[in-house]
Amino acid sequence: MEAMYTMGLDIHYFGVIVLMGVVMFNIAMLALSQQVVRYAKRMRIVMPVSASLLALILFTGAVMMAAKRLAFDAPNIAMIVIAVVIIILEAKRYKTLKRRTDTTQEGAFAAYKAKAFRFLGIELVLLVLMSGWMMAL
């Protein structure tokens, strides 16, 4: 039982580290993008990867909580809140891309980039802070 719990925690940690990498990749991809159509195509490939990683993290977290007899302590509540915030930020980022990237308007992609950088920055900061807190425990 202990080995399964340890493996679940390792998978959870690995998922968080890979999600941080995907967020950094999204930031780099956004910084290097010049055309909205190319960026949108790439985002449609990367977005399911980040959503799958977030689902993996949520699933393994739920399994670990069940193994700990559903202990709703401060770190677990913080992780749940951060997961919800990341889901909301990703939805807003995608919605903003659909709404703000009219290719006929000049500066629309630049406005999207500013918002998307803010959303991705918040996601990365939340992931790093939560990971740092969990490493300190």
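Approximately 650 Å³ is the volume attributed to the largest pocket. Surrounding the largest pocket, 27 residues form its lining, H12, I57, G61, M79 and M134 being those nearest its centre. Of all the secondary structure elements, the ones that give two or more residues to the lining of the largest pocket are helix 1 (2-32), helix 2 (36-67), helix 3 (74-100) and helix 4 (108-136). When the residues that make up the lining of the largest pocket are grouped by side-chain class, the tally is 21 nonpolar, four polar and two charged. Computed from the structure, the second largest pocket encloses a volume of approximately 160 Å³. Every residue along the wall of the second largest pocket is listed here: M1, M4, Y5, M7, G8, I11, F59, T60, V63, M64 and A67.

Let's shift gears to the packing of aromatic side chains. Inspection of the entire model under this criterion finds three aromatic pairs. Pairing F109 with Y112 gives two aromatic rings, centres 6.2 Å apart and planes at 15°, and the pair type is stacked. Within this pair, F109 and its partner Y112 are both found in helix 4, separated by three residues, close to a single helical turn. An aromatic cluster is built from Y39, F109 and Y112, whose rings are joined through pairwise contacts.

Here we come to the side chain of E90. You can see E90 is positioned in helix 3. A relative accessible area of 12% places E90 in the buried class. Not counting chain neighbours up to four residues away, the residues in contact with E90 comprise M47, S50, L120 and E123.

All right, on to the packing of helix 1 against helix 2 then. At a minimum axis distance of 9 Å, the contact between helix 1 and helix 2 shows a crossing angle of 155°. Classed by the angle they form, the pair helix 1 and helix 2 counts as roughly antiparallel. Here the hand of the crossing between helix 1 and helix 2 comes out left-handed. A per-class count over the contact of helix 1 with helix 2 returns 20 nonpolar, seven polar and one charged.

With that settled, consider helix 1. If you check helix 1, its first and last C-alpha atoms are 45 Å apart, about what 31 residues at 1.5 Å a residue would give, namely 45 Å. Turning to helix 1, its buried residues number three or more, namely G8, H12, G15, V16, L19, M20, V22, V23, N26, M29 and L30.

Inspection of the entire model under this criterion finds one salt bridge. For the salt bridge of E90 with R93, the shortest nitrogen-to-oxygen distance reads 3.0 Å. Of this pair, E90 and R93 both sit in helix 3, three residues apart, which is roughly one turn of that helix. Residue E90 shares its accessibility class with R93, and that shared class is buried.

What counts and what doesn't
- Residues numbered from 1 in each chain as written.
- Predicted model: local features only at pLDDT ≥ 70, side-chain atom pairs only at ≥ 80, totals over all residues.
- Heavy atoms only, no water.
- 1 Å grid on protein atoms, 1.4 Å probe; cavity = no way out; pocket = protein on both sides within 12 Å on 5 of 7 lines; lining within 4 Å.
- Points joined across faces, edges and corners; volume = space filled by probe spheres on them.
- Helix = DSSP H or I, 4+ residues; strand = E, 2+ residues; numbered from the N terminus.
- Nonpolar A, V, L, I, M, F, W, Y, C, P; charged D, E, K, R; others polar.
- Phe/Tyr/Trp six-rings, centres within 6.5 Å; stacked < 30°, edge-to-face > 60°.
- Buried < 20%, exposed > 50% of the residue type's maximum accessible area, 1.4 Å probe, protein only.
- Contact = heavy atoms within 4.5 Å.
- Axes fitted to C-alpha atoms, helices over the stretch in contact; angles between N-to-C directions.
- Parallel < 35°, antiparallel > 145°, perpendicular 65-115°, else oblique.
- Left-handed = near helix turned anticlockwise from the far one by under 90°.
- Expected span 1.5 Å × (residues − 1).
- Salt bridge = Lys/Arg side-chain N within 4 Å of Asp/Glu carboxyl O.

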